[in-house]
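One letter stands for each residue in the lines below.
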Amino acid sequence: MKRYIIALDQGTTSSRAIIFDKEQNLVGLAQRELPQIYAKEGWVEHDPMEIYATQYGVMIEALTRNNLSIDEIAAIGITNQRETTIVWEKKTGKPVYNAIVWQCRRTAEICEQLKEAGHEAYIKEATGLLIDAYFSATKVKWILDNVEGARKRAKRGELLFGTVDTWLAWKLSQGKIHATDYSNASRTMMFNIHTLEWDKKILDILDIPECMLPKVYPSSHIFGNADILNNVIPIAAMAGDQQASLFGQGCFEKGQAKNTYGTGCFLMMNTGNSPCVSKNALLTSIAAGTDEKNVQYVLEGSVFSGGSVVQWMKDELHFFESSADSEYHACKVEDTGGVYVVPAFTGMGAPYWDMYARGCIMGITRGTKSEHIIRAALESIAFQTRDLVECMQRDTGIRLAELNVDGGASGNNFLMKFQSDVLQIPIRRPEMKEITSLGIAQLAGLAIGMFKNVKEIRSVPRKITVLEPSMDSETLERLLHGWEKAVSRSRNWIEH
């Protein structure tokens, strides 16, 4: 009996495998950390072979630890850190360079050149994205420019490009699948979100051969078969992690939104069947979906440093031993004592889009304790999210009635209560913590017929915690004014 779906959730800091049954219950989980490579300041890389090895390893571990056989797996769904770029040899499967991670800022100069050459308006119109080092396109160009012989080999059809979903599908199928889905393609800055094709004009501008690029399908689609321990299992869904999370949260209708508190924070709203063009520096992408002809679009704002600010306090400042302890320390003081943390470690995303901003701690006095800084760092996550919500509401004309939340830091009750206070709306947190993985499992289940439709998926009851706002408007105004001042001090720090 093929009763289970494996969700492979390949993230920025870990590779995870989560097994779900037909009733959408979590029945198994395994996780391993993924080492980060910081070759130079502002550069972030991963070893592609380590991405695959850790992901394959946790898949087998999740099965073994829960006494499940590979024969019982009906399908695999892949959800992934988006924009991260891998180029490899078609013949051998050997990467020509490390994976360049979405956080990496090395291509900032290429982005400036594209803007100076007047390409910004066309790229925004075609892809829904702003020109930024965040996206895959300039990362591919950098590899082709900097790895000896790479562009010539790419033009001869010897090299392939993929985001992490494509890389994993290619490896799991032993080179038979070279594909991605609309949600991941729409984050590359090379995909036309209106025609649903790779954009030839942009490829010409960047001198990227189209033969490198994967085929693109809806997220819920049988892409081909993985070969796992001599068993053939369909890869039945692929979606970028944020779009998978939106689906898992049940945001199937226009105007519904969620925020994921992971390494970064990702606020996303379903805008229905037509793209919403942002006037506030947000991004337009494609939602995870089941239909080739009836795609849904999303509006998204990204905070580059969300949960990573907690990791920084743990790993670099040694303020606490476990990230979960941040809540305890933040609650030991009544407020931040006037301290603000702006965690612009790799620049700032929407609505600032400042590649040259850097982190700062403002308002320190002789009485400042580590607890004040910890509290201020957690508050910074909520402030950055509010910045995005304000932009999104202006762009869409839709006022959020509530916000669905997920991701590691959403388990921090202090942060979620503060988030509710600064947004002045209820926060809805599902008890099911693995929402991204659930979303990709649901998409895979739809592709193989395990679930009939979205209505059946939604009929499963979910436990939700709701946090309500209680902060008075005067306190809120004062806090927001301080945040705006602190952000202004961090901007344009790196001279260029």
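If you're wondering where the values come from, they're calculated on a predicted model, not measured in any experiment.

1. A look at the overall build of the protein
Scanning the protein from N- to C-terminus turns up 16 helices and 23 strands. Scaling as 2.2 N^0.38, a compact globule of 496 residues should have a C-alpha radius of gyration of about 23 Å, and the protein matches this with 22 Å. Looking at the protein as a whole, 61% of its 496 residues are labelled buried. Excluding contacts between residues fewer than 6 apart, the proportion of contacts in the protein whose partners are at least 24 apart in sequence is 73%. Looking at the protein as shown, the accessible area adds up to about 19,800 Å², and 47% of this sits on carbon and sulfur atoms. Counting 54 positive and 60 negative side-chain charges, the protein places the centres of these two groups 3 Å from one another.

2. Points about the pattern of salt bridges
Opposite charge on two side chains permits them to pair, given that their charged atoms come into close proximity. Applying the stated criterion to the full structure yields 28 salt bridges. Lys-141 serves as the salt-bridge partner of Asp-145, at 3.2 Å between the closest nitrogen and oxygen. Residue Asp-145 and its partner Lys-141 are both found in helix H4 (residues 136-146); the two are separated by four residues, about one turn of the helix. Exposure remark for Lys-141: the relative accessible area of 17% places this residue in the buried category. As a salt-bridge pair, Arg-153 and Glu-158 come within 3.1 Å of each other at their nearest N and O atoms. Overlapping salt bridges bring together Arg-82, Glu-83, Arg-187, Asp-241 and Glu-300 as one network.

3. Details of the sheet that holds strand S15 (residues 257-261)
Strand order across the open sheet formed by seven strands is S17-S18-S16-S15-S21-S22-S23, with mixed pairing between neighbours. Strand pairing shows two members of the sheet lacking a second neighbour, strand S17 (283-286) and strand S23 (464-467), which therefore form its edges. Going from strand to strand, the sheet's axes swing by 30 degrees on average, the running direction of each strand aside. In terms of strand pairing, strand S22 (residues 427-430) meets S23 through four bridges, oriented antiparallel. Residue pairing for S23: Pro-430 is matched across the bridge by Ile-464. Here helix H13 (residues 413-423) sits on the sheet and contacts S15, strand S21 (403-406), S22 and S23; the angle it forms with S22, its principal contact strand, is near 150 degrees.

4. Considering the sheet that holds strand S3 (residues 26-33)
Hydrogen bonding along the main chain pairs the strands of a sheet, whether they run parallel or antiparallel. Pairing is mixed in the open sheet, where six strands are placed in the order S3-S2-S1-S5-S14-S13. In the strand order of this sheet, the two ends are held by S3 and strand S13 (220-228), each with one partner. Going across the sheet, the axis of each strand differs from the next one's by a mean of 25 degrees, ignoring polarity. Sheet topology note: the strand S2 (residues 14-21)/S3 ladder contains seven bridges and is antiparallel. Bridge pairing in S3 places Ile-18 opposite Leu-29.

5. Observations concerning helix H6 (residues 164-172)
With nine of its nine residues buried, H6 lies for the most part within the structure. Residues of H6 that are buried include every one of Val-164, Asp-165, Thr-166, Trp-167, Leu-168, Ala-169, Trp-170, Lys-171 and Leu-172, and no others. Immediately beyond the C-terminal end of H6, within one or two residues, lies Gln-174, with a positive phi of roughly 55 degrees.

6. Observations concerning the packing of aromatic side chains
Applying the stated criterion across every chain yields a total of 18 aromatic pairs. Over the ring of Trp-43 we find Arg-106; its NZ or CZ atom is 3.8 Å from the centre of that ring. Directly above the ring of Tyr-52 sits Lys-171, whose terminal nitrogen or CZ lies 5.2 Å from the centroid.

7. As for the pairing of S21
Taking every second residue as pointing to the same face, both faces of S21 are buried, with Leu-403 and Val-405 on one and Asn-404 and Asp-406 on the other. With three bridges joining them, S15 and S21 adopt parallel strand pairing. Residue Thr-260 lies in a different strand from S21, and its bridge partner there is Asp-406. Between the parallel elements S21 and S22, the chain passes through H13 in a crossover that is right-handed.

8. What about the nonpolar core?
Ranked by size, the top nonpolar core spans 109 residues in total, and within it Met-190, Ile-208, Met-212, Tyr-261, Trp-353 and Leu-403 carry the most contacts. Here this core takes 12 residues from helix H12 (residues 370-396), the largest share from any one element. Excluding residues that lie within four positions of it along the chain, Trp-353 makes contacts with Leu-130, Asp-132, Tyr-134, Phe-135, Ala-281, Leu-283, Phe-304 and Met-348. By size, the runner-up hydrophobic cluster in this structure holds 36 residues, among which are Ala-30, Tyr-52, Ala-62 and Ile-235.

9. A look at the packing of H12 against H13
At a minimum axis separation of 9 Å, H12 and H13 run at an interaxial angle of 40 degrees. By the angle class used here, H12 and H13 are oblique. Crossing of H12 over H13 shows right-handed handedness. Residue-level contacts link Arg-375, Leu-378, Glu-379, Ile-381, Ala-382, Phe-383, Thr-385, Arg-386 and Val-389 of H12 to Phe-414, Leu-415, Phe-418, Gln-419, Val-422 and Leu-423 of H13. Its residues assigned to classes, the contact of H12 with H13 comprises 10 nonpolar, two polar and three charged.

10. Focus: the environment of Ile-70
Checked against the element boundaries, Ile-70 lands in the loop between helix H1 (48-65) and strand S5 (73-80). Through-space distance from the C-alpha of Ile-70 to that of Pro-343 is 43 Å; in sequence the pair is 273 residues apart. Excluding its chain neighbours within four sequence positions, the residues that come into contact with Ile-70 are Leu-63, Ile-228, Asn-231 and Ile-233.

11. Some words on unusual backbone geometry
A positive phi angle, near 70 degrees, is found at Met-189, a position not held by glycine. Exposure remark for Met-189: the relative accessible area of 0% places this residue in the buried category. Of note, Leu-196 is a non-glycine position whose phi angle comes to about 60 degrees, a positive value. Checked against the element boundaries, Leu-196 lands in the loop between strand S10 (191-192) and strand S11 (197-198).

Definitions and limits used
- Residues numbered from 1 in each chain as written.
- Predicted model: local features only at pLDDT ≥ 70, side-chain atom pairs only at ≥ 80, totals over all residues.
- Heavy atoms only, no water.
- Helix = DSSP H or I, 4+ residues; strand = E, 2+ residues; numbered from the N terminus.
- Rg over C-alpha atoms; globule rule 2.2 N^0.38 Å.
- Buried < 20%, exposed > 50% of the residue type's maximum accessible area, 1.4 Å probe, protein only.
- Contact = heavy atoms within 4.5 Å.
- Areas by Shrake-Rupley, 256 points an atom, 1.4 Å probe, with all protein chains shown as cover.
- Lys, Arg positive; Asp, Glu negative; His and termini not counted.
- Charge placed at Lys NZ, Arg CZ, Asp CG, Glu CD.
- Salt bridge = Lys/Arg side-chain N within 4 Å of Asp/Glu carboxyl O.
- Pairing = 2+ DSSP bridges.
- Axes fitted to C-alpha atoms, helices over the stretch in contact; angles between N-to-C directions.
- Phe/Tyr/Trp six-rings, centres within 6.5 Å; stacked < 30°, edge-to-face > 60°.
- Lys NZ or Arg CZ within 6 Å of the ring centre and 35° of its normal.
- Right-handed = clockwise from strand over helix to strand, strands pointing away.
- Core = buried A, V, L, I, M, F, W, Y, C linked by side-chain atoms within 4.5 Å.
- Parallel < 35°, antiparallel > 145°, perpendicular 65-115°, else oblique.
- Left-handed = near helix turned anticlockwise from the far one by under 90°.
- Nonpolar A, V, L, I, M, F, W, Y, C, P; charged D, E, K, R; others polar.

In short, shape yes, function no, at least from these values alone.
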